[in-house]
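Report on the structure
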Amino acid sequence: MDQMLEFARGPLFRFSILFMILGLLRHLILTIIAITKGIRSAGDKNINYKNLFIDTLGWILPFKKMSERMLFSITSFLFHIGVILTPLFLFSHNQLWKRGLGFSLPSMNQSIANVLTIVTIIAIYALIIARASSKDSRAISRLQDFLLPVIISIPFITGYLASHMQINPFTYKATMLLHVMSSNFIFILIPITKLSHIVLLPTTQFIAEVGWHFPADSGKNVATALNKENVPI
Amino acid sequence: MTQKKSRYNYYTEDFDLSNRPERFLRAFAAILQHTNYGYVLDTYIRTSTKCSRCATTCPVFQSTGDYHHIPCYRSELLFKIYRRYFTFSGLLKGRLTNAFKLTDEYLDELADAVYQCTACRRCKSACPMGIDHGLVTHLARWALSEIDIIPKALLVATREQLEGKTKNTSAIPVPALKDTCEFLEEELMDIFHLPAKFPFDVEGAEYVFFPAVSDYLLEPDTLMGNAAVMHVTNGSWTIGTGFFDGINYGLFYSDRMLDRIVSNVVQETIRLKGKKILIGECGHASRSAKFFVPTFCGGDKAPPVVNIMEYTHKCLKDGTLKLIPDSIKERVTYHDPCNIARSGWIINQPREILEAICSDFVDMSPMGKNNYCCGGGGGTVSIDEIRQFRTGIGGKTKADQIKKTGAKYLVAPCANCKKQLAEVCEDHGLEDVEVVGLHDLIIKSMDLTGFTVETEEEEVDNGSDA
């Protein structure tokens, strides 16, 4: 068990983090290249960057957007707050960052961390229930849409249990192993699932704009490619 | 002539049924190769979270509650094809497993789905991932059009506009156009004593005018309003007899056609040595020209595009156009055509004009960038056989909005919205509501002091000229 935990916390953790970072970097770089190429090939290069920037910011800090579908939006927002802040600023994680990466972030108060963790777990299951309970949401959902939140909840549940041994029915080491392994699994999933929106979200408004900026000769080139240049309509 | 039962909700011309999936993929591949859509789809297939937030913004889904009408569901139909046939993992999966395969039935579902979307793009503002379902619909329709799945109404009109004798979607011959305009000039004289003209083929005019050509048949008041404003503001404008139709169904089904139509508009402007393109009261014609003239016709070098409402608003602001306050006593409301409002381009200009002339102007809620589509967007208004869907489902939310305002005049500065809203009002028991253009009301409210002439004098003038 000790060896497995060491492996999970050591090489496997480093591998998954590296996999995540490289994967996300690849997405980001490819998308930026795509946006640049798209604008360069566009017949009309005038783009209202200011509006796009405001729209992007409006979704990164979606306070204004929360008035629509309020319950869902607030739940989703709380989920995101918890899922971003808790792992980054937890005191015990900071010790990990210090040991493994040589620097640490400011630590949050343990009781705030406890509340955030509980809120995150509740939000995750509320979102799953919301998705599963509506016929329409079920119809547009794929398997990953149900599985990902469940997987994401595991490190939160195990993390809470590990720091509250008095209510934990499992041994500390078993809990930690599950905690670390599920986290590693999530790191690997991030670049290969919809979780890649972590880096792609700030690009989506720009990419949609690029989509509407067609290359000047796109129509003619497609006609040529399909041998339809002189074909009557 | 009776139409035989169509495969789809709408009629199409007969098309080749062999090898459709393969031909569709070939067309899709060609489109992806020569456009920027591939970049967009790459991002969308990675970020689409299926949160269903878009569902609550879609007027079609709100009416039917059928998940097939959720924007995300519809877009996923195309994403699935893209993922399977144009990404590495999809191709690998296709090799290794019994993965999804594009079939005729799947294409049929796609073909029905994309014409049940009005391409109003309201859902974009609700998508946390910024997915522009209107763009996806636009792309899917283009790819389908390359295997000849096009609503007949759109196809026939575009064929006449680009390859027919009359060069316009309503097949109006030039002599008939001139007759109509002469008649409108007479009406302007009889009703308003205003010697406004519809100038044809004037070289070097500042504005070359391209209304939705159907206005010449259906919207005399709008056109008279346009001419009256141009007359009193001393606007230099002309109508080209070579090409005079602002309608662009290419926006609704094919970028190839979009390109060809805006190129015709620009060519006519250049032929007449005009400086700017002036589009009449029409949402999609305005957007096609404003955003795609620069795209296909030389970027910054292309002639600037101005909508007639922008022109009128500018004249009102600089004082060249004088309007009489409170001249419209009845309650008036304004419908934002999606194609000019969604981007924030034309929202306040018409409202400022209306507030200058109406004593009882009320807005619908929501409005502006977040407005509801009339239900006939994306070219669906031209498809008569789906009227029940358009007015009963697509236009239901709009009907409720209109009812709530209690307005007598519903101003809809768009040829498509006008036709659709008139039908919506008819089908929802709103017979008292009159659907009008903005300039229909402007002409009733213009301060014509110093511009009018007595009819007899005019005749004397004409006599002396002759």
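Rules behind the numbers
- Residues numbered from 1 in each chain as written.
- Chains lettered and ligands numbered in written order.
- Predicted model: local features only at pLDDT ≥ 70, side-chain atom pairs only at ≥ 80, totals over all residues.
- Helix = DSSP H or I, 4+ residues; strand = E, 2+ residues; numbered from the N terminus.
- Rg over C-alpha atoms; globule rule 2.2 N^0.38 Å.
- Buried ≥ 20, exposed ≤ 12 C-beta atoms within 10 Å, placed from the backbone.
- Contact = placed C-beta atoms within 7 Å.
- pLDDT = per-residue confidence, 0-100.
- Axes fitted to C-alpha atoms, helices over the stretch in contact; angles between N-to-C directions.
- Left-handed = near helix turned anticlockwise from the far one by under 90°.
- Nonpolar A, V, L, I, M, F, W, Y, C, P; charged D, E, K, R; others polar.
- Domains from an automatic or database assignment.
- Expected span 1.5 Å × (residues − 1).
- Bend = angle between axes of the 7 residues up to and from the residue.

**Considering the overall build of chain B**
When helices and strands are counted, chain B shows 22 helices and 8 strands. Over its C-alpha trace chain B gives a radius of gyration of 23 Å, about what one expects of a compact globule, namely 23 Å for 466 residues. Dimensions of chain B, computed from the C-alpha atoms along their principal axes, are close to 85 × 45 × 45 Å. Within chain B, the proportion of its 466 residues that are buried is 56%. Sequence-distant contacts, at least 24 apart, represent 80% of the contacts inside chain B between residues at least 6 apart.

**So, unusual backbone geometry**
Residue and element names in this part refer to chain B. The omega angle of the peptide bond from S365 to P366 is -5 degrees, so this bond is cis rather than trans. You will see that S52, though not glycine, has its phi angle at about 65 degrees, which is positive. Along the chain, S52 turns up in the loop between α2 (37-47) and α3 (59-64). Using a count of 26 C-beta atoms within 10 Å as the deciding quantity, one classes S52 as buried. Backbone geometry at A119 places phi at a positive 50 degrees, although glycine is not the residue there. Structurally, the position occupied by A119 is in the loop between α6 (104-114) and α7 (133-145).

**Observations regarding the confidence of the model for chain A**
For any part of a model where pLDDT is low, the fine detail of the predicted coordinates should not be relied upon. With 100% of its residues at a pLDDT of at least 70, chain A reaches an overall mean of 94. Confidence, read as mean pLDDT per element, is least for helix α5 (residues 91-101) of chain A in chain A (85) and greatest for helix α11 (residues 218-225) of chain A (97).

**Quick notes on the packing of helix α10 (residues 197-212) of chain A against α2(B)**
Look at α10(A) against α2(B): their axes get within 9 Å of each other, and the N-to-C directions meet at 150 degrees. The interaxial crossing formed by α10(A) with α2(B) has left-handed handedness. Contact with α10(A), carried on its side by A:H197, A:L200, A:T203, A:T204, A:I207, A:A208, A:V210 and A:G211, involves B:Y37, B:Y39, B:V40, B:T43, B:R46 and B:T47 of α2(B) and no other residues of that element. When grouped by side-chain class, the residues that make up the contact of α10(A) with α2(B) number 7 nonpolar, 6 polar and 1 charged.

**As for the environment of A:M165**
All names here are of chain A. Along the chain, M165 turns up in the loop between α8 (143-163) and α9 (172-192). Residue class for M165 comes out exposed when judged on the 11 C-beta atoms lying within 10 Å of it. Once the C-alpha coordinates of M165 and S141 are considered, the two residues, 24 residues apart in sequence, prove to be 37 Å apart.

**Points about the domain arrangement of chain B**
Residues and elements named next belong to chain B. Taken domain by domain, chain B comprises domain 1 (20-150) and domain 2 (174-444). Of note, the centres of domain 1 and domain 2, computed from C-alpha atoms alone, are 31 Å apart. Every contact between the two is made by 18 residues of domain 1 and, on the other side, 18 residues of domain 2. Top element by residues in the side of domain 1 that touches domain 2 is α3. It accounts for 5 residues.

**As for the confidence of the model for chain B**
All names here are of chain B. Mean pLDDT over chain B stands at 95; residues scoring 70 or higher make up 96%. Confidence drops under a pLDDT of 50 for residues 458-466, and excluding neighbours within four residues, the segment shows 3 contacts in the predicted structure. Here the predicted complex scores 0.94 on pTM and 0.94 on ipTM.

**A short note on helix α14 (residues 283-296) of chain B**
Residue and element names in this part refer to chain B. Taking 1.5 Å of rise per residue, 14 residues should cover 20 Å, and α14 covers 19 Å from first to last C-alpha, within 8% of that figure. Its axis deflected by about 30 degrees at K290, α14 carries its strongest bend there, up to four residues before the proline P294. For α14, the buried fraction is high: 14 of the 14 residues fall into the buried class. Once α14 finishes, G298 follows within two positions and takes phi at roughly 100 degrees, a positive value.

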